[in-house]
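In case you want the letters, here they are:
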Amino acid sequence: MIKMAGVHKYFGNLHVLKDINLEVKQGEKLVVIGPSGSGKSTMIRCMNFLEEPTSGHVFLEGTELTQKNKTDLIRRTTAMVFQQFNLYPHMTVLQNIALAPVKLHGVPKKEAEEQAFQYLDIVGLRDKAHVHPSTLSGGQQQRVAIARALATQQKIILFDEPTSALDPETVQEVLDVMIRLSKENITMVVVTHEMGFARQVADRVIFMDDGSILEEGKPEHFFENPTNDRTKAFLSKILR
Amino acid sequence: MELLQSIFTYDNTMFLLEGLRTTLFFAGSSILVSIFFGMILGLLRNYDRGILGKLAAVYIEAVRNTPLILWILAIRFLVPIPANYSGICSLTIFETAVIAEIIRGGLNSIPLGQFEAAHAQGFTFFQTLRYIVMPQCFHNIVPSLLSQVITTVKDSSFLWAVAIEEFTGKGMILMGRFASSSQVFLLFASMALIYFLINFSLSLIVRSQSGKKPKLAPAV
């Protein structure tokens, strides 16, 4: 579904991704963890060219992502959920969800809105359909953002630290929605600091530091018997 | 009272009202055209890295840093078009540059996350502008645009300098016909009052608009 081959990314002189090679299979739930500044957000942003790799190749569903085909390919393959939600503030919740299906995927407006209600049911916010995002709590906004991502019916959803900007008491409602999604045949890549979520949902966990993937494995192996010293140090700090 | 009656005879009042109509028409139409061209220039200056973006920047800076009266005189005497057209033209040339900067300010107030969300959904750049960025931009700049309408209503009085008969121009013509200085003085005061009433009511609209519409910040 997603393949990264020899991806490097520089910001000026800063080498933030160092030879990333990664393959994510259809339906796989991949969780990416690592300290701040380790390059994990940059890596997930390279998957839909929010950041363009300085060198290397990114493939989505077998097609190489290029500057030229990016809009079209991304439209057909991926959705993204952001740390800051990035809902469209001038639209209602319903309009936020229906916008891309109507304008990009040719779904008739009425049908798109009916579908939007179904996605709102999934995230438990049907009653908020006609309000503007600014009236919602962070957790609710993020659930709307997830509904918006679902509405385009992509096979891949990228989550870039979806709970990092939330109040502690609203984190769980968002994680619950994501756990429910993980039962579906959607390919999920999740950058997160939520280790409980990683343990519960991940098919595979990747640990990144200093721009490289240092360790990867099944969550049981990863959390119980990490082999890399840097991983051990990181885990010992956050798992108590 | 007699003095007032001697100034505001039926004919004089109609004469002035016609000027007022011209003023409002000039201001309104030049603002509308300026919003169109200002949007194009603002977008080019902000997002075009090529020659068009540079040209937009040169135009905006050149016009914004020169006095309006210069443009009024230049267009009137260098461009062979009827006086009224030249009036609207010079106002439009000037306002386009100002409004381009207002629109650019509105564009720069849109958080980067909005562009990223649109990109991640597969919107093209123009679709992003059309559905996501410009609606928020215009929502945010409504107060600035309305204040610019006020400025334009006032600035259009410069057109008197090239004998265009807008409100101030008509008033000046009337004053030339009056014999007594108190008539002239009173007409001046009345005209000032009318400018004030128009612009003050516009600014009340501005205020109620900016109070009513919360800025569309992303709620975090």
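Preceding block: the structure.
None of the values given here were measured: they were computed from a predicted structure.

Enquirer: How should I be thinking about the overall build of chain B in this particular structure?
Expert: Within chain B, the regular secondary structure consists of nine helices and zero strands. Tracing chain B from N to C terminus, the helices and strands come up as α-α-α-α-α-α-α-α-α. Of all 220 residues assigned to chain B, the portion counted as buried reaches 46%. Taking contacts inside chain B between residues at least 6 apart in sequence as the whole, the part at least 24 apart equals 75%. Mean positive and mean negative side-chain charge positions of chain B (15 and 11 charges, respectively) differ by 9 Å.

Enquirer: Would you mind showing me how to read unusual backbone geometry here?
Expert: With the exception of glycine, the majority of residues adopt a negative phi angle, and the majority of peptide bonds are in the trans configuration. All names here are of chain A. In the Ramachandran plot, Phe 49 falls in the positive-phi region, its phi being about 60° despite a non-glycine side chain. Its location among the elements puts Phe 49 in the loop between helix 1 (40–46) and strand 4 (55–60). A positive phi angle, near 45°, is found at Glu 161, a position not held by glycine. With respect to the secondary-structure elements, Glu 161 resides in the loop between strand 7 (156–160) and helix 6 (168–181). With relative accessibility at 11%, the residue Glu 161 sits in the buried group.

Enquirer: Can you walk me through the environment of Ala 62 of chain B in this structure?
Expert: All names here are of chain B. Along the chain, the position of Ala 62 falls in helix 3 (residues 51–64). The exposure class of Ala 62 is partly exposed, given its relative accessible area of 38%. With 32 residues separating them in the primary sequence, Ala 62 and Phe 94 have C-alpha atoms 9.9 Å apart.

Enquirer: Sorry, what's going on with the interface of chain B and chain A here?
Expert: How big an interface is tends to be stated in terms of the accessible area lost upon association of its parts. With 20 residues of chain B at the interface, the matching set in chain A holds 29 residues. Carbon and sulfur atoms make up 61% of the surface buried where chain B meets chain A, a total of about 2100 Å² over both sides. Three residues, His 119, Ala 120 and Gln 121 of chain B, lead the burial of chain B against chain A; their summed loss comes to 29% of the area buried on that side. Where chain B touches chain A, the interface holds one salt bridge. Among the ionic pairs, Glu 116 of chain B bridges to Arg 45 of chain A, the shortest N-O distance being 2.7 Å. Broken down by secondary-structure element, the contributors of at least two residues to the side of chain B that touches chain A are helix 6 (112–121) and helix 7 (125–155) of chain B. Here the side of chain B that touches chain A takes eight residues from helix 6 of chain B, the largest share from any one element.

Enquirer: I tried to follow the nonpolar core on my own but got confused; where do I start?
Expert: Burial of nonpolar side chains together is a common tendency in soluble globular proteins. In this structure, Ile 2, Met 4, Leu 22, Met 43, Met 47 and Val 189 of chain A together with Phe 123 of chain B are the most contacted members of the largest nonpolar core, which totals 85 residues. Looking at this core, the element that brings in the most residues is helix 7 of chain B, giving twelve residues. If sequence neighbours within four positions are ignored, Met 4 of chain A has contacts with Ile 20, Asn 21, Leu 22, Met 43, Cys 46, Met 47, His 57 and Val 58 of chain A.

Enquirer: Got a minute to help me understand the packing of helix 3 of chain B against helix 5 (residues 83–108) of chain B in this structure?
Expert: Axis angle and axis distance: for two packed helices, these are the angle between their axes and the distance between the axes, and together they describe the pair. Residue and element names in this part refer to chain B. Where helix 3 meets helix 5, the axes come as close as 9 Å, and the angle between the chain directions of the two elements is 115°. Here helix 3 runs over helix 5; the crossing is left-handed. Note on element contacts: helix 5 touches helix 3 through Ile 93, Phe 94, Thr 96, Ala 97, Val 98, Ala 100 and Glu 101, opposite Tyr 59, Ile 60, Glu 61, Val 63 and Arg 64. For the contact of helix 3 with helix 5, the per-class residue count stands at eight nonpolar, one polar and three charged.

Enquirer: Before we go on, may I ask you to explain the pairing of strand 1 (residues 2–11) of chain A in this structure?
Expert: Within a regular strand, side chains alternate between the sheet's two faces. Residue and element names in this part refer to chain A. Sheet analysis places strand 1 next to strand 2 (residues 14–24), joined by seven bridges and oriented antiparallel. Note that in strand 2 the partner of Ile 2 across the bridge is Val 24. Connecting strand 1 to the next strand, strand 2, in antiparallel fashion are two residues, including Gly 12 with a positive phi near 65°. Bridging between strand 1 and strand 4 involves five bridges; their strand directions are antiparallel. When the bridges of strand 4 are listed, Met 4 appears paired with Val 58.

Enquirer: Please explain the pattern of salt bridges as it appears in this structure.
Expert: It is possible for side chains bearing opposite charge to pair when their charged atoms get close. Overall, the coordinates contain 19 salt bridges over all chains when judged by the stated rule. Of the charged contacts in the structure, one is a salt bridge between Asp 229 of chain A and Lys 232 of chain A, with a shortest N-O distance of 3.8 Å. One end of the pair is Asp 229 of chain A and the other is Lys 232 of chain A, both in helix 9 (residues 229–238) and three residues apart, which spans about a single turn. Asp 229 of chain A gets classed as exposed once you look at its relative accessible area, which sits at 59%. What makes Lys 232 of chain A partly exposed here is its relative accessible area of 39%. Of the charged contacts in the structure, one is a salt bridge between Glu 101 of chain B and Arg 64 of chain B, with a shortest N-O distance of 4.0 Å. Here Glu 101 of chain B is found in helix 5, whereas its partner Arg 64 of chain B is found in helix 3, with 37 residues between them in sequence.

Cut-offs used in this document
Residues numbered from 1 in each chain as written. Chains lettered and ligands numbered in written order. Predicted model: local features only at pLDDT ≥ 70, side-chain atom pairs only at ≥ 80, totals over all residues. Heavy atoms only, no water. Helix = DSSP H or I, 4+ residues; strand = E, 2+ residues; numbered from the N terminus. Buried < 20%, exposed > 50% of the residue type's maximum accessible area, 1.4 Å probe, protein only. Contact = heavy atoms within 4.5 Å. Lys, Arg positive; Asp, Glu negative; His and termini not counted. Charge placed at Lys NZ, Arg CZ, Asp CG, Glu CD. Buried area = accessible area lost by both parts, 1.4 Å probe. Salt bridge = Lys/Arg side-chain N within 4 Å of Asp/Glu carboxyl O. Core = buried A, V, L, I, M, F, W, Y, C linked by side-chain atoms within 4.5 Å. Axes fitted to C-alpha atoms, helices over the stretch in contact; angles between N-to-C directions. Left-handed = near helix turned anticlockwise from the far one by under 90°. Nonpolar A, V, L, I, M, F, W, Y, C, P; charged D, E, K, R; others polar. Pairing = 2+ DSSP bridges.

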